[in-house]
Amino acid sequence: DTIAPGKDAHGVPVLGKIKDSSSDQFKNFCLAVGEPKHRKNLYEHAALKDKVFPKIIHPTAYISDNSIIEQGVYIGPLSSVLPETRVNKFSCLLAHCNINQNVLIEEFVLIGASAVIGNGAIINQGAHLSMASIVNPREQIESWSYYKN
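Described below are features of the structure shown in this document.

When helices and strands are tallied, the protein shows 1 helix and 18 strands. Against the globule reference of 15 Å for 149 residues, the protein gives a C-alpha radius of gyration of 16 Å, in line with a compact fold. A principal-axis box enclosing the C-alpha atoms of the protein has dimensions of 45 × 30 × 25 Å. Out of the 149 residues in the protein, the part that is buried amounts to 38%. Taking all contacts inside the protein whose residues are at least 6 apart in sequence as the whole, residues at least 24 apart take part in 13%. Side-chain charges of the protein comprise 14 positive and 14 negative groups, with the mean position of each set lying 4 Å from the other.

Spelled out as structure tokens, the structure:
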């Protein structure tokens, strides 16, 4: 929120400050904050609850027709989400993630690039999985934890 409107942040134009979001000028938002706790805090405390957060799915990602992807989810390039998987709101799956069948990814989760999540795993709210993590089938990851293996 320190970059002036009209300037670029990593090649993306800044439209305004968070306090400006109460304006009807902005319809859709992307909550692009890596740290899960900061992402949740920003959503809950920045007057953003009445805004629209479309899901952003890279065109090279594969999403099964039998999976559920909620609002505000980001899925990066070459990632796959297989059948009967649910990705809850404001979670981020970075590039090359492989999410197998019947996985539950709760809200505000961050899954690092090249992670593999086994069948039936549960990734609880706000968990942060490091790059190239492997979560075994039916394993559960604790809420707000940092998982590295």
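This part takes up the pattern of salt bridges. Side-chain pairing between opposite charges can occur once the charged atoms of the two side chains come close. Tallied over the entire structure, the rule returns 2 salt bridges. Salt-bridge contacts for Glu44 lead to Lys40; the nearest nitrogen and oxygen are separated by 3.5 Å. Separated by 4 residues within a single helix, Glu44 and Lys40 lie in helix α1 (residues 36–45), roughly one turn from each other. Owing to a relative accessible area of 21%, Lys40 belongs among the partly exposed residues under this scheme. Put simply, Arg86 and Glu70 hold a salt bridge, and the shortest N to O gap is 2.4 Å. Of this pair, Arg86 sits in strand β8 (residues 86–87) while Glu70 sits in the loop between β5 (68–69) and β6 (74–75), and the two are 16 residues apart along the sequence.

Note: strands within a sheet are paired through backbone hydrogen bonds, in either parallel or antiparallel orientation. The strand order β4-β7-β10-β13-β16 describes an open sheet built from 5 strands, whose pairing is parallel. Every other strand in the sheet has two partners, leaving β4 (62–63) and β16 (134–135) as the edge strands with one partner each. Two elements, strand β7 (residues 80–81) and strand β10 (residues 98–99), share 2 bridges in a ladder whose sense is parallel. By the bridge assignment for β10, Val81 is matched with Ile99.

Let us look at unusual backbone geometry. Within the chain, Phe108 stands out as a residue other than glycine whose phi angle is a positive 65 degrees. Relative to the elements of secondary structure, Phe108 occurs in the loop between β11 (104–105) and β12 (110–111). Look at Arg138: it is not a glycine, yet its phi comes out positive at around 65 degrees. Under the relative-accessibility criterion, Arg138 is labelled exposed at 66%.

What follows deals with the nonpolar core. Within the largest apolar cluster, 22 residues are counted, with the highest numbers of intra-cluster contacts made by Ile99, Ile111, Ile117, Ile123 and Leu129. Look past the residues within four positions of Ile99 in its chain and what remains in contact with it is Ser80, Val81, Leu82, Thr85, Leu93, Ile105, Ile111 and Ile117.

Analysis parameters
Residues numbered from 1 in each chain as written. Predicted model: local features only at pLDDT ≥ 70, side-chain atom pairs only at ≥ 80, totals over all residues. Heavy atoms only, no water. Helix = DSSP H or I, 4+ residues; strand = E, 2+ residues; numbered from the N terminus. Rg over C-alpha atoms; globule rule 2.2 N^0.38 Å. Buried < 20%, exposed > 50% of the residue type's maximum accessible area, 1.4 Å probe, protein only. Contact = heavy atoms within 4.5 Å. Lys, Arg positive; Asp, Glu negative; His and termini not counted. Charge placed at Lys NZ, Arg CZ, Asp CG, Glu CD. Salt bridge = Lys/Arg side-chain N within 4 Å of Asp/Glu carboxyl O. Pairing = 2+ DSSP bridges. Core = buried A, V, L, I, M, F, W, Y, C linked by side-chain atoms within 4.5 Å.

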